[in-house]
Amino acid sequence: MGPVSHDETRRASAAGLATGPRVLLRRLSRDDEQEFIRLVRASASLHHPWMSLPATAREFQSMVLRFEHSAGVSLLVCERETGAILGLVNINNIVAGAFQCGALGYCAFAPAAGRGYMTEALRLVLDYSFGDLALHRLEANIQPANQASIRLVQRLGFRKEGFSPDFLFIDGAWRDHERWAITTEMHDASV
């Protein structure tokens, strides 16, 4: 038997966490560097000024290392049939105990934007978070002008809980954010 190709490795690891009709979720790995950086660079105008993603090999490896040694999970949204990367969902700052909460960060890459992949993916992330991870609550902090992201969390049943001025440092400035959240009870009621 010959060497295993990158595509075969990706498809094998893709069987990972959750699969929907068009997408699957799998953990980010070091092997995703080239495709991820290419997509980040191609999507720079789509993500500006909402988020800053690793656009160099060093930044990418730093992100992978951070998730290998933190209470968080970095998931790739991939096309089910081909394994191509469509987007990213991070569950950051997972706190156990009485809190059982994580903070979501997510994005579609330009080739997949506006096609419903992230709605499907975030539904899978909610099931994974409230099931396998046993979280009680997920939060999404979104800049008020990012209407596409706000519509996405609204579709999924998140509720707006407040406003935080100068909340996150993104793209060289402290940015205001709306706080959106969903609990396992809210999610169960919508399923």
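Look above for the structure.
Here is a short report on the structure shown in this document. All of these numbers come straight from a predicted model, not from anything done at the bench. (Residues numbered from 1 in each chain as written. Predicted model: local features only at pLDDT ≥ 70, side-chain atom pairs only at ≥ 80, totals over all residues. Heavy atoms only, no water.)

This part is about unusual backbone geometry. Peptide bonds are trans in most cases, and residues, glycine excluded, mostly fall at negative phi. Phi is positive for Q100, close to 50°, though the residue is something other than glycine. With respect to the element layout, Q100 can be found in the loop between β4 (85-95) and β5 (101-108). Even without glycine at this site, D166 takes up a positive phi of about 50°. Its place among the elements puts D166 in strand β7 (residues 159-170). On the accessibility criterion, D166 (49% relative accessible area) is partly exposed. (Helix = DSSP H or I, 4+ residues; strand = E, 2+ residues; numbered from the N terminus. Buried < 20%, exposed > 50% of the residue type's maximum accessible area, 1.4 Å probe, protein only.)

This next bit is on the environment of H136. Residue placement: H136 occurs in the loop between α5 (117-130) and β6 (137-142). Accessibility expressed as a relative area gives 33% for H136, which makes it partly exposed. As a C-alpha pair, H136 and Q100 span 36 residues in sequence and 5.2 Å in three-dimensional space. Filtering out sequence-adjacent residues up to four positions away, H136 remains in contact with F99, Q100, F130, I182, T183, T184 and E185. In terms of polar contacts, H136 uses its side chain to reach the side chain of E185, at 2.8 Å. (Contact = heavy atoms within 4.5 Å. Polar contact = N/O pair within 3.5 Å; in protein donor to acceptor, adjacent residues only side chain to side chain.)

In contact at an axis separation of 10 Å, helix α2 (residues 33-42) and helix α4 (residues 57-68) are set at 115° when each is read in the N-to-C sense. Our classification of the angle between α2 and α4 gives roughly perpendicular. In this structure, α2 crosses over α4, and the sense of that crossing is right-handed. Mapping the contact onto sequence places E33, F36 and I37 in α2 and A57, F60, Q61 and M63 in α4. Looking at side-chain class alone, the contact of α2 with α4 contains five nonpolar, one polar and one charged residues. (Axes fitted to C-alpha atoms, helices over the stretch in contact; angles between N-to-C directions. Parallel < 35°, antiparallel > 145°, perpendicular 65-115°, else oblique. Left-handed = near helix turned anticlockwise from the far one by under 90°. Nonpolar A, V, L, I, M, F, W, Y, C, P; charged D, E, K, R; others polar.)

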